Amino acid sequence: MPATPAWPPQSAPRLYVDAPLAEGAVVPIDGNPAHYLISVMRVKDGDIVLLFDNRTGEWAAQARDIRKRDLSLHIVRQTKPLESVPDFWLCVAPIKKGRIDLVAEKACELGVAKLQPVLTRRAVVDKLNLSRLHAHLVEAAEQCGRTALPDLADMVKLPDLLKNWPAGRHLFFADEQGGTPMTDALVTHKGPAAFLIGPEGGFDEDERAAIRAHPSAISISLGPRILRAETAAISATAIWMAQCGDWG
């Protein structure tokens, strides 16, 4: 007997929809998402499209009423519940556009729960386009199978971040002057955590002193080589996920 085809099809496109989804609902699609489904993915009447809403999980829907610029998606059933990710935040100083976009993309793929931009004195960028970063998070989630987006917070100044830091959450920070090897630090500091990554020029002396003085802060080393800010953010996240997250 021939094998039963997988359902939903593994080749089905995935799309983020900013509206609550439920079995039997009909979701109208137009604009860029419609162009992607109709012109890029060549979706035909009856084809399956996977939807997720950052609220209720992932749903399989059938494409109907396909026209040149719009279509409707009729939800058939739920395929995945809303995911639960490890309680890990990534706090990053703003860096150049292409590089901060990469950090957002990889943070989503790696399973970060919250992305927190932090303004520091040596940051070469003092503003961020949060709408663009959100779009990168959405695209990454569509590609990697996430059913929930990382929380993207407004940028805060470093002193405010430290002042309002929640009790019970470890604040690991990549200290250019050295610290405990990261894998060693994670053995003794379990539980909710965050990593703080500085800008291209690093933290200045006053910032480093303020971070070190914070009761939740743990200075760590990411090895013997100097890393770009985006490399440090991605590496630190991957190590935490492998040792304390959901990769095991």
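Residue indices follow the written sequence of each chain, beginning from 1 at its first position. Residues qualify for local features only when their pLDDT is at least 70, as the model is predicted, and side-chain atom pairs are given and counted only at 80 or more; totals for whole chains, interfaces and linings, by contrast, use all residues. Excluded from the side-chain calculations are hydrogens and water; all other atoms, namely the structure's heavy atoms, are used.

A. Representation of the pattern of salt bridges in the model. Should a side-chain nitrogen of Lys or Arg be within 4 Å of a carboxyl oxygen of Asp or Glu, the pair is scored as a salt bridge. Using the criterion set out here, one finds 14 salt bridges in the structure. Between Arg-14 and Glu-58 there is a salt bridge; the shortest N-O distance is 2.8 Å. Taken together, the positions of Arg-14 in strand β1 (residues 14-16) and Glu-58 in strand β4 (residues 58-64) put the pair 44 residues apart, joining distant regions of the chain. What makes Glu-58 buried here is its relative accessible area of 3%. Between Arg-64 and Asp-45 there is a salt bridge, with its nearest N and O atoms 3.0 Å apart. Of the two residues, Arg-64 is situated in strand β4 and Asp-45 in the loop between α1 (31-40) and β3 (48-52); the sequence distance between them amounts to 19 residues. Members of the salt-bridge network, linked through shared partners, are Asp-175, Glu-205, Arg-208 and Arg-212. Numbering of helices and strands starts at the N terminus; helices are DSSP runs of H or I of at least 4 residues and strands are runs of E of at least 2. The classification of residues rests on relative accessible area computed with a 1.4 Å probe and restricted to protein chains. Under 20% of the type maximum is buried, over 50% is exposed, and intermediate values are partly exposed.

B. Quick look at the sheet that holds β1. DSSP-based pairing: two strands are paired if at least 2 bridges between them are found. Overall, mixed pairing links the five strands, which are arranged β1-β3-β4-β5-β2 in an open sheet. Among the strands making up the open sheet, the edge pair consists of β1 and β2 (26-30). Strand-to-strand twist in this sheet, taken as the mean axis angle between neighbours without regard to direction, amounts to 40°. Sheet topology note: the β1/β3 ladder contains three bridges and is parallel. In this analysis, axes come from line fits to C-alpha atoms, helices being fitted only over the stretch in contact, and the angle between any two N-to-C directions falls in the range 0 to 180 degrees.

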